[in-house]
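Fold and contact review
For reference, the chains in residue letters:
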Amino acid sequence: LQEGPEVGIHVLAWCDTYASLTRVLDRRGIGEFTMRVALPMSSEDSTNLLDDPAASRLDRPHRAIFYDEEQVGRLDKFRPYAIPPQPWLEEFGRCLRKRKG
């Protein structure tokens, strides 16, 4: 984690809870992830992960917070996924029906 980016190795990790994350990484290890995304979580977990309780205030479903250590004080709220457009759903449905037949 510490030396990887310097040699072109980057890590993308996912964890279901902050408690699970701390079982694998200590605070210093977590700090190696300069960019983080958080979905709704407790105020304490959000503060530990993002240095801000913002993830505890996510008020609508399908929202997340993006944190980048290099942009101090800036947290971006975003939708990590959205409902696909109707034409895409229809085409996908056609493809699935072809596979069944």
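Quick look at the structure, then. (Residues numbered from 1 in each chain as written. Predicted model: local features only at pLDDT ≥ 70, side-chain atom pairs only at ≥ 80, totals over all residues. Heavy atoms only, no water.)

Some points on unusual backbone geometry
Negative phi values dominate among residues other than glycine, just as trans dominates among peptide bonds. Rules: Only DSSP runs of H or I with at least four residues qualify as helices, and only runs of E with at least two residues qualify as strands; both kinds are numbered from the N terminus onward.
You will see that D51, though not glycine, has its phi angle at about 60 degrees, which is positive. With respect to the secondary-structure elements, D51 resides in the loop between α3 (43-50) and β2 (64-68).

Re the nonpolar core
For the record, the criterion: Here, nonpolar core means buried Ala, Val, Leu, Ile, Met, Phe, Trp, Tyr and Cys residues that are tied together by side-chain atoms lying within 4.5 Å of each other. A simple rule labels every residue: compare its accessible area, found with a 1.4 Å probe on the protein chains alone, to the largest value its type can have, and call it buried under 20%, exposed over 50%, or partly exposed in between. Contacts are assigned to residue pairs with any non-hydrogen atoms lying within 4.5 Å of each other.
L21, I30, L49, L50, A55 and I65 are the most contacted members of the largest nonpolar core, which totals 13 residues. Elements supplying a minimum of two residues to this core: α1 (18-24), α3 and β2. Beyond its immediate stretch of four places on either side in the chain, L50 contacts R36, A38, A55, I65 and Y67.

Remarks on the sheet that holds strand β1 (residues 35-38)
Rules: One bridge is not enough; two strands pair if DSSP finds at least two bridges between them. Under this scheme, a helix contributes an axis fitted over its contacting stretch, all axes are lines through C-alpha atoms, and angles between N-to-C directions fall in the 0 to 180 degree range.
Spatially, β1-β2-β3 is the arrangement adopted by the 3 strands of the open sheet, whose pairing is antiparallel. Whereas interior strands pair on both sides, the edge strands pair on one side only; in this sheet they are β1 and β3 (75-78). When the angles between neighbouring strand axes are averaged without regard to direction, this sheet yields 20 degrees. Looking at chain direction, β1 and β2 are connected through 4 bridges and run antiparallel. Each residue of the ladder has a partner; that of A38, found in β2, is I65. In the packing of α3 onto the sheet, the strands contacted are β1 and β2, and the crossing angle to β1 comes to about 165 degrees.

Quick look at a nonpolar patch on the surface
Just so we agree on the cut-off: Only residues above 30% relative accessible area that lack a salt bridge enter a patch, with like-charged residues linked at up to 9 Å and the nonpolar side chains Val, Leu, Ile, Met, Phe, Trp and Tyr linked at up to 5 Å. Working definition of accessibility: Shrake-Rupley area with a 1.4 Å probe, residue cover restricted to the visible protein chains. Any Lys or Arg side-chain nitrogen found within 4 Å of a carboxyl oxygen on Asp or Glu counts as a salt bridge.
On the surface, I83, W88, L89, F92 and L96 cluster together to form a nonpolar patch covering roughly 520 Å² of accessible area. On the basis of relative accessibility, which here comes to 38%, the residue L96 falls in the partly exposed class.

Here's the deal with the side chain of D68
Take D68: it is sitting in strand β2. Discounting residues that sit within four places of it in the chain, D68 has contacts with T34 and M35.

Points about the side chain of R36
So the rule is basically this: The definition of a polar contact used here is a pair of N or O atoms within 3.5 Å, where within protein one atom must be able to donate a hydrogen and the other to accept one, and adjacent residues in sequence count solely through side-chain atom pairs.
Of note, R36 is situated in strand β1. Residue classification places R36 among the buried residues on the basis of a relative accessible area of 8%. At 3.0 Å, the side chain of R36 and the side chain of E69 are in polar contact. For R36, the contacting residues outside a window of four places in its chain are I30, G31, L49, L50, I65, F66, Y67 and E69.

Observations regarding α3
Convention followed: By construction, the arc corresponds to the directions joining the helix axis to the C-beta atoms.
Here α3 has its buried residues at S46, L49 and L50. Buried residues of α3, seen end-on, are gathered within an arc of 75 degrees and therefore sit on one face of the element. The secondary structure elements touched by the buried residues of α3 are α1, α2 (27-31), β1 and β2. Directly beyond the C-terminal end of α3, a positive phi value near 60 degrees is found at D51.

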